Amino acid sequence: TLIMGILNVTPDSFSDGGRLKGSVQIATKEALQMIKDGADIIDIGGESTRPGAKEITPTEELSRTIPVIQQIRKVSNIPIS
């Protein structure tokens, strides 16, 4: 059994109550806490899937996720999806 940490880096995420506020630093801190807490893989979501959410471009999704992935990679080789 593996544990997956879910990190939503969307500005309208309902799962974290907007706690990340679009901050790469806060998102990275959250991911590192997930790893410390036992996550085996981190899933980073850059596009909202809530009903009625506005579709975004691939470029926008990448601009939300890549900076966080880069920061995580500086300190961990955990699998990221």
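Just above sits the structure.
This section reports on the structure supplied with the text. Only a predicted model underlies this, so the values are computations on that prediction, with no experimental measurement involved. (Residues numbered from 1 in each chain as written. Predicted model: local features only at pLDDT ≥ 70, side-chain atom pairs only at ≥ 80, totals over all residues. Heavy atoms only, no water.)

A few points about the pattern of salt bridges
Thinking step 1. On inspection of all chains with the given rule, the structure shows one salt bridge.
Thinking step 2. Among the salt bridges present, the one from Arg64 reaches Glu60, with a minimum N-O distance of 3.1 Å. Of this pair, Arg64 and Glu60 both sit in helix α2 (residues 58–73), four residues apart, which is roughly one turn of the helix.
Thinking step 3. Classification of Arg64 by relative accessible area gives buried; the value is 18%. (Salt bridge = Lys/Arg side-chain N within 4 Å of Asp/Glu carboxyl O. Helix = DSSP H or I, 4+ residues; strand = E, 2+ residues; numbered from the N terminus. Buried < 20%, exposed > 50% of the residue type's maximum accessible area, 1.4 Å probe, protein only.)

Some points on the side chain of Thr10
Thinking step 1. Among the secondary structure elements, Thr10 is positioned in the loop between β1 (4–8) and α1 (24–36).
Thinking step 2. For Thr10, the contacting residues outside a window of four places in its chain are Gly45, Gly46, Glu47, Ser48 and Arg64. (Contact = heavy atoms within 4.5 Å.)

What to know about the packing of α1 against α2
Thinking step 1. Viewed as axis vectors pointing N to C, α1 and α2 meet at an angle of 50°, and their least axial separation amounts to 9 Å. On the basis of their axis angle, the class for α1 and α2 is oblique. For α1 against α2, the interelement crossing comes out right-handed. Of the residues in α2, those in contact with Val24, Ala27, Thr28 and Ala31 of α1 are Pro67, Val68, Gln71 and Ile72.
Thinking step 2. Of the residues that constitute the contact of α1 with α2, the class distribution is six nonpolar, two polar and no charged. (Axes fitted to C-alpha atoms, helices over the stretch in contact; angles between N-to-C directions. Parallel < 35°, antiparallel > 145°, perpendicular 65-115°, else oblique. Left-handed = near helix turned anticlockwise from the far one by under 90°. Nonpolar A, V, L, I, M, F, W, Y, C, P; charged D, E, K, R; others polar.)

Examining the nonpolar core
Thinking step 1. Counting residues in each nonpolar core, the largest one holds 11 residues, listed as Leu7, Val9, Ala27, Ala31, Met34, Ala39, Ile42, Ile44, Val68, Ile72 and Ile78.
Thinking step 2. If you list the elements that add at least two residues to this core, you get α1, β2 (41–45) and α2.
Thinking step 3. In terms of residues, this core owes the most to one element, α1, which gives three residues.
Thinking step 4. If sequence neighbours within four positions are ignored, Ala31 has contacts with Leu7, Ile42 and Ile72. (Core = buried A, V, L, I, M, F, W, Y, C linked by side-chain atoms within 4.5 Å.)

Side note on α2
Thinking step 1. Taking 1.5 Å as the rise per residue, α2 with 16 residues should run 22 Å; its terminal C-alpha atoms sit 21 Å apart, in good agreement.
Thinking step 2. Of all the bends in α2, the greatest reaches close to 25° and is centred on Thr65; the proline Pro67 follows between one and four positions later.
Thinking step 3. Among the residues of α2, Arg64, Thr65, Val68 and Ile72 are the ones counted as buried.
Thinking step 4. Taken together, the buried residues of α2 touch β1, α1 and β2. (Expected span 1.5 Å × (residues − 1). Bend = angle between axes of the 7 residues up to and from the residue.)

Distances and angles like these do not, on their own, reveal function.
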